[in-house]
Structure formats: C-alpha cells, structure tokens
Amino acid sequence: MVEGDRGNLLRVEDLQAMSPYEWGILRDSISNRHTGGEGISMLCMKCKHPVYIRAYNSFGMTLPGFVHFDGSPTWCQWYQGKNRTPDSLKAQQYNGQQESPEHEMLCDKIGELAALDKRYIRHAINKYHKPKHNENARKPDVYVEWEEYGPFVIELQLSSTFQTEISGRCTYYSKERIPLIWVLHNIHEYVSIPQSVKDVVRRHRNNAFVIDRDSIRGSYDKNTLVFKRYLLSGDSFDSPELVTIDSLTVPEKQTLPYHEDHLAPALRAKIDDRRLPFFTFFKQWKKKSTHPKDIKRILDTLKEQVPEDFIFMIAATFSIVATLSTGIDKNYASNDPNVRAMLNSYFNGNRLARYADMMEFILGRVKPTSSTCPDITTHAVNRNIALRKDDTEQVGIESKEWKAMEWLLPEVFDECERELLRFTEQLPCWVQE
Ligand SMILES: [Zn+2]
C-alpha cells in the first residue's frame, strides 16, 4: 500500500514492470523518508508494517522486491526474519575497520586538488561537520569551502555503501543546502555495475562522477576540481567527458548536482505523451454531437475499457488542467463559457453523476497557479457535487474509470508517479504537493 489520501495498491508485479530508474527513485524516496527526509511511505498489505524496496539479483537481472523494515510482526505471512544491520555488514567488509586505506588516499588527493582553485579557503577530511538544520552531525569524506561558491562535500563511493547510508547523507546535506557529490573510482573493474553504485549515480540524474588519472591531470591543467563524468544508460557507462564543478547544476531541493539531466525529462515526457492524443482530440471534437465511433477510437488508447460517457469526464478534467496551467478559461467538455459553468451543468444533471466523488478528489488536489487564474469551482458546483455523491452510487478506486484516470492524470491519482515527479522537482505548479 502506498500511503496517500486514498493510497494506491502497488503489487510487486507492477513494481517489477517499472524501469530500473523508476523503482530506483521510489526506493530512494522510501529511504529518504526513513532517514528523516521527505519521501514516500509504503506499508505491507498484511501487517501494515512499513516496507522498503530491495534489489535482488536473479539470473543476471536485478529485480526489485518489498522487504519489511525492522520490527515487523513475526505472524505476517511475508515475514522474512531479522534484517542485518548496515554496521554489522560494514564491519565484515573491511575486517572490522570502517574504511579502507585506498579510501583515505583518495580523500587526501581530492583535498589537494580542491586546494588548486584560486577560490580555495579550506578543506577538511573525515571531520565532523557542525549542522545548522540537522540534529546529529555527520563526518563528510571531504568538506571544501571556496569563496563565492560556498561549501560543498565529496563522498567517495568505493565498495558498497548501504542504501540507508547513501540516503542519510543525501538528506543531511540537502537540509544543510550543501552540494554533495558522490565520486566513484575504478569503475572499469565492474563486471556489472553494483546496485549501490547505480543508486548514487541515479541520485545525480544518472551522471557518474569519477576520479581517475585523466581527471587528476585535468584538475592540475585547469587549477580546479575536475571529474570524469559518465552517463549511466541501462547497465553501462557512456559518454565520458571531463567536467569542472562549476559546470554542474545543483537542483533546488536535493542538492545533488548533475552535468546533464539524463533522468528527469523522460519521466515528465512519458506523462505528457499519454495526454497529447486526448488534448489533440478535444481541440477539434464536436462534444455531444461527436460520432460514437470517434469517441470509441480515442478511448481505445486507454488500457482500461471505460464507458463511452466517461469521455466527458476526461474532457472536464482536461479543461481543469488546461485552465489552471494556462491561466485562461478552457472548456473542452461542453458549450458553456467556462469550466465553472460546465461543471455546474454536468453535476446538476445525471451524465457525470457517478463521478462526483472522483471530481471532488481532483478538485481537492489541484490549485490555482496565480492570483489571476480563473476560479474552477463555485459554491453551486460544490453543492451539486455533494448532492450527486448523496443520491448516486459512485465509482470507487478499484473501478476501470479510476484506473484510467491514474494513468491519464497521475499527478493527481497515482502516488508513485506523483512521487517520481516530486523527487525530480517536476510536479506541475497546478498540483498540490
Ligand atoms: Zn507484513
């Protein structure tokens, strides 16, 4: 169960059908929330205990699955026993030491390169950072201060850093408003890219920042910190390029810089592409006098088979989206002059009566984008919706119509897709966060 106003069911099949980037972001988001940051929460259907997403290797493929967080009840049929704690695993990894000698050497090198820049003020290696917006201090691998640029932090990702560790650090530095760059080393040694590496690379919008001989030489040439940047494409690293820290973009909320956003635009485009055929259709249809054959043709692009009349609900919804996003009254659903009048007449009558609850849900999750944005509802509209909810049986969240809306308007209906957009800072301005 994905937590939300009404929640969504996310079956493991649905999770596994997502792209690795999508389930990866959801995994990041769950961990962020768990480590005190913003994010999404998912619960086990049986015992209602929170779960996280674990990556499993199966026949050379990485598949996501759900695992209970610690402390789940043993009676749950999906109880998997006690989780191993990151600390006990870490102790095993380095024979009891928490860090490797190679790690220390690279931190020193990065500090030395950061000092080449003329803006250099100071740096510190493995020293506690005094937090301004967090409770507990953290020890960054390399902390650097440059004049004008401000402070930034570099964490080395050498072997497998744990998801909770990655998440904790990302959340910490985002709250402190300090850019955090995860740096990789020896990536050519990977036979297949470990999940923990993909995890940090995805947080940099699929940019992998590497320190190697070329980037060190580049740093001395340019007298500033230079990394070799690769783009993660599926299971391989492509397009290496030497980049300076100044060429990176730092997102507003999650302060993990990228050189080229190789992740977010595709998530947004996927949703816009679904809606485009409908917008094109609505711009030229003849509303109530449209031939049923034409209505059927456009409804057939949906995965769910919905009643023909549902096209008017979609048209009404798209009118709301268009009005809010352009700030100008748009009405694709009727011949009324605006959305308010259209909603008023539709919910006064029977045509959309069984979608009153669905409409109320939509209206509760959208918002005006400016002070001059036209009103979507009026007192009369709200009253009609309440009356129809009372006197007509409503379609529920398990209906085909609801599922169709989850797909067409995920920003409102689908908690996971909403989270993918929020996480990548792309939730449209007409949606309530
Ligand atoms: Zn359970």
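Conventions adopted
- Residues numbered from 1 in each chain as written.
- Predicted model: local features only at pLDDT ≥ 70, side-chain atom pairs only at ≥ 80, totals over all residues.
- Heavy atoms only, no water.
- Helix = DSSP H or I, 4+ residues; strand = E, 2+ residues; numbered from the N terminus.
- Buried < 20%, exposed > 50% of the residue type's maximum accessible area, 1.4 Å probe, protein only.
- Contact = heavy atoms within 4.5 Å.
- Areas by Shrake-Rupley, 256 points an atom, 1.4 Å probe, with all protein chains shown as cover.
- Lys, Arg positive; Asp, Glu negative; His and termini not counted.
- Charge placed at Lys NZ, Arg CZ, Asp CG, Glu CD.
- Axes fitted to C-alpha atoms, helices over the stretch in contact; angles between N-to-C directions.
- Parallel < 35°, antiparallel > 145°, perpendicular 65-115°, else oblique.
- Left-handed = near helix turned anticlockwise from the far one by under 90°.
- Domains from an automatic or database assignment.
- Donors = N, O, S within 2.8 Å, 3.2 Å for Na, K, Ca; no water.
- Tetrahedral: all angles 85-135°; square planar, octahedral: opposite > 155°, others 65-115°.
- 1 Å grid on protein atoms, 1.4 Å probe; cavity = no way out; pocket = protein on both sides within 12 Å on 5 of 7 lines; lining within 4 Å.
- Points joined across faces, edges and corners; volume = space filled by probe spheres on them.
- Nonpolar A, V, L, I, M, F, W, Y, C, P; charged D, E, K, R; others polar.
- Salt bridge = Lys/Arg side-chain N within 4 Å of Asp/Glu carboxyl O.
- Pairing = 2+ DSSP bridges.

(A) Examining the overall build of the chain more closely. Along the chain, the regular secondary structure elements total 16 helices and 10 strands. Principal-axis analysis of the C-alpha atoms places the extent of the chain at approximately 75 × 55 × 40 Å. For the chain, the residues scored as buried account for 52% of the 433 residues in total. Nonlocal contacts in the chain, meaning residues at least 24 apart in sequence, comprise 65% of its contacts between residues at least 6 apart. On the chain, roughly 20,900 Å² of surface is accessible, and the fraction owed to carbon and sulfur atoms is 50%. Within the chain, the 60 negative side-chain charges are centred at a point lying 3 Å from the centre of the 57 positive side-chain charges.

(B) Up close: the packing of helix H8 (residues 264-284) against helix H9 (residues 292-299). Orientation of H8 relative to H9, taken along the N-to-C sense of each, is 160 degrees, at an axis distance of 10 Å. The pairing of H8 with H9 is recorded here as roughly antiparallel in orientation. In this structure, H8 meets H9 at a crossing whose hand is left-handed. Touching Pro-277, Phe-278 and Phe-281 of H8 are Asp-294, Ile-295 and Ile-298, all from H9.

(C) Just the environment of Tyr-173, in detail. Relative to the assigned elements, Tyr-173 resides in helix H5 (residues 163-176). You can call Tyr-173 buried: its relative accessible area is 0%. Through-space distance from the C-alpha of Tyr-173 to that of Thr-255 is 7.0 Å; in sequence the pair is 82 residues apart. For Tyr-173, the contacting residues outside a window of four places in its chain are Arg-138, Lys-139, Pro-140, Val-153, Glu-155, Ile-178, Leu-180 and Thr-255.

(D) Local environment of the domain arrangement of the chain. Examined at the domain level, the chain breaks down into domain 1 (12-83), domain 2 (91-262) and domain 3 (266-423). Computed from C-alpha coordinates alone, the two centres of domain 2 and domain 3 are separated by 44 Å.

(E) Geometry of the coordination of the zinc ion. Donor atoms from the polypeptide that bind the zinc ion are Cys-44 (SG), Cys-47 (SG), His-68 (NE2) and Cys-76 (SG), placed at 2.1 to 2.3 Å. Coordination at the zinc ion is tetrahedral: its four donor atoms span angles of 105 to 114 degrees at the metal. As a motif over one chain, the donors of the zinc ion read C-x2-C-x20-H-x7-C. Taken together, the residues Cys-47 in the loop between strand E1 (42-43) and strand E2 (50-58) and Cys-76 in the loop between strand E3 (61-68) and helix H3 (86-93) connect sequence positions 29 residues apart. Judged by its relative accessible area of 4%, Cys-76 is buried.

(F) Structural detail: empty space enclosed by the protein. Taken as a whole and assessed by the stated rule, the structure comprises two cavities of 30 Å³ or more. Forming the boundary of the largest cavity are Ile-25, Asp-28, Arg-202, Arg-203, Arg-205, Pro-251, Gln-254, Leu-256, Leu-263, Phe-423 and Thr-424. Only helix H2 (20-34) and helix H6 (195-203) provide two or more residues apiece to the lining of the largest cavity. Taken together, the residues of the lining of the largest cavity break down into five nonpolar, two polar and four charged. For the second largest cavity, the calculated volume is near 40 Å³.

(G) Region of the structure containing the packing of helix H10 (residues 310-326) against helix H14 (residues 400-408). For the pair H10 and H14, interaxial distance at closest approach is 12 Å and the crossing angle is 35 degrees. Considering the relative orientation of H10 and H14, their crossing is right-handed. Contacts between H10 and H14 involve Phe-310, Met-313, Ile-314, Thr-317 and Phe-318 on the former and, on the latter, Glu-401, Ala-404, Met-405 and Leu-408.

(H) Representation of the side chain of His-204 in the model. You can see His-204 is positioned in the loop between H6 and strand E8 (207-210). By relative accessible area, which is 1% here, His-204 ends up buried.

(I) The arrangement of the pattern of salt bridges in detail. Scanning the model with the defined rule gives 38 salt bridges in all. When the shortest N-O distance is used, the salt bridge between Arg-33 and Glu-3 registers 3.3 Å. One end of the pair, Arg-33, is in helix H2; the other, Glu-3, is in the segment before helix H1 (12-17), with 30 residues separating them in the sequence. Owing to a relative accessible area of 38%, Arg-33 belongs among the partly exposed residues under this scheme. Taking the relative accessible area as the measure of exposure, Glu-3 reaches 36% and is therefore partly exposed. For Asp-357, the salt bridge goes to Arg-6, with nearest N and O atoms at 2.9 Å. Placement of Asp-357 in helix H12 (residues 356-365) and of Arg-6 in the segment before H1 is noted, with a sequence separation of 351 residues between them.

(J) Focus on the pairing of strand E7 (residues 180-184). For E7, the tally of buried residues reaches five of five residues, placing the bulk of the element in the interior. Here E7 shows two buried faces, one formed by Leu-180, Trp-182 and Leu-184 and the other by Ile-181 and Val-183. Pairing of strand E6 (residues 150-157) with E7, which is carried by five bridges, proceeds in the parallel orientation. Within the sheet, the bridge partner assigned to Val-153 lies in E7 and is Leu-180.

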